[in-house]
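Descriptive analysis of the structure
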Amino acid sequence: MNTCRRSIFFIDRKVQGALVVRTGIYWLFCLFSVSLMLICWSAYTGPLKPFGVLVAELYHRHGPVLLASLILLPIATMDVLRLSNRFVGPAWRMRTALSELAAGRAIEPLNFRDDDYWTDLAGNLNEVALRLNQSDSRS
C-alpha cells in the first residue's frame, strides 16, 4: 500500500464542490436553527418584545459566538475535502483504469493509499485487468 500524500486537493470538482457547498448549507442551517431557538427562548422566558428587539438582543448577546462559528467553517470544509479525497481519488483512478481497459489498453495495477476507501474494488479491478492481459497475450 501507498502512504504518500495527495498532490491534488480537488480531484473531482463536481463531487467535492457539492460536498463543500453542502457543508456551507449545513453550517447556515445550524446557525439559523440555533439563532431561532435562542430568539424563541428569549421570547418565552422574558417579557413580551417585538421580534426586531429580540433579534437585536440576540446579536448583542450571542453575536460574537455566532461569528466565532464562522472560524469553524473553513476547518470543517478542509476536513470534508480531506475525507472526500479518500473516496474520490480511488473512484477517479478506477474510472480512468476502466476507460483504459474499455479502450483495449493494458493498465498498471492500482495501488491505493492505506487510508483510502475501496481498496477491495481496486483488487477486483486488478484481477480483471490481469485476466484480460493474459487472454490478450494468448491470442
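To start, this report covers the structure provided alongside it. Here the structure is a predicted model, which means the values were calculated and not measured. (Residues numbered from 1 in each chain as written. Predicted model: local features only at pLDDT ≥ 70, side-chain atom pairs only at ≥ 80, totals over all residues. Heavy atoms only, no water.)

Scanning the protein chain from N- to C-terminus turns up 3 helices and 0 strands. Start at the N end of the protein chain and walk to the C end: the helices and strands fall as α-α-α. Against the 2.2 N^0.38 benchmark of 14 Å for 139 residues, the protein chain shows a C-alpha radius of gyration of 25 Å, more extended than a compact globule. Projected onto its principal axes, the C-alpha coordinates of the protein chain cover approximately 85 × 25 × 20 Å. (Helix = DSSP H or I, 4+ residues; strand = E, 2+ residues; numbered from the N terminus. Rg over C-alpha atoms; globule rule 2.2 N^0.38 Å.)

So, about the pattern of salt bridges. Enumeration over the complete set of coordinates arrives at 3 salt bridges. Residue K49 pairs with E57 through a salt bridge whose shortest N-O separation is 2.6 Å. On the accessibility criterion, K49 (30% relative accessible area) is partly exposed. The salt bridge partner of R105 is E100, with a shortest N-O separation of 2.7 Å. We classify R105 as partly exposed; its relative accessible area is 45%. (Salt bridge = Lys/Arg side-chain N within 4 Å of Asp/Glu carboxyl O. Buried < 20%, exposed > 50% of the residue type's maximum accessible area, 1.4 Å probe, protein only.)

We now examine the packing of helix 1 (residues 13-45) against helix 2 (residues 51-102). Here helix 1 crosses helix 2 at 155°, and the two axes come no closer than 8 Å. One way to sum up the angle between helix 1 and helix 2 is to call them roughly antiparallel. For helix 1 against helix 2, the interelement crossing comes out right-handed. Looking at the contact of helix 1 with helix 2 residue by residue, the classes come out as 20 nonpolar, 10 polar and 1 charged. (Axes fitted to C-alpha atoms, helices over the stretch in contact; angles between N-to-C directions. Parallel < 35°, antiparallel > 145°, perpendicular 65-115°, else oblique. Left-handed = near helix turned anticlockwise from the far one by under 90°. Nonpolar A, V, L, I, M, F, W, Y, C, P; charged D, E, K, R; others polar.)

Our next topic: the packing of aromatic side chains. By the definition in use, this model includes 2 aromatic pairs. Geometrically, the ring pair formed by W41 and Y44 is tilted, given 6.1 Å between the ring centres and 40° between the ring planes. One end of the pair, W41, and the other, Y44, are both in helix 1, 3 residues apart, so they sit about a helical turn from each other. Both residues of the pair, W41 and Y44, belong to the exposed class. With centroids separated by 6.1 Å and ring planes inclined at 70°, the aromatic side chains of F87 and W118 adopt a geometry described as edge-to-face. With a gap of 31 residues between them, F87 in helix 2 and W118 in the loop between helix 2 and helix 3 (119-138) connect regions that are remote in the sequence. F87 gets classed as partly exposed once you look at its relative accessible area, which sits at 26%. With a relative accessible area of 37%, W118 lands in the partly exposed category. (Phe/Tyr/Trp six-rings, centres within 6.5 Å; stacked < 30°, edge-to-face > 60°.)

Of all hydrophobic cores here, the largest spans 9 residues; its members are M94, A97, L101, I107, L110, F112, A122, L125 and A129. Ignoring anything within four residues of it in the chain, the contact list for L101 reads I107, L125, A129 and L132. (Core = buried A, V, L, I, M, F, W, Y, C linked by side-chain atoms within 4.5 Å. Contact = heavy atoms within 4.5 Å.)

Moving on, we come to helix 2. Helix length check: helix 2 (52 residues) gives 63 Å between terminal C-alpha atoms against 76 Å at 1.5 Å per residue, more than 12% under. At H62, helix 2 shows its maximal kink, close to 70°; a proline, P64, follows between one and four residues later. In the segment just after helix 2, G104 is the residue with positive phi, at about 85°. (Expected span 1.5 Å × (residues − 1). Bend = angle between axes of the 7 residues up to and from the residue.)

Turning our eyes to something else, we now look at helix 1. Between its terminal C-alpha atoms helix 1 stretches 47 Å, which fits the 48 Å expected from 33 residues at 1.5 Å a residue. The complete set of buried residues in helix 1 reads Q16, T23, G24, W27, S35 and I39. Where the residues of helix 1 are buried, they touch helix 2.

By themselves, these observations are geometric and do not establish any function.
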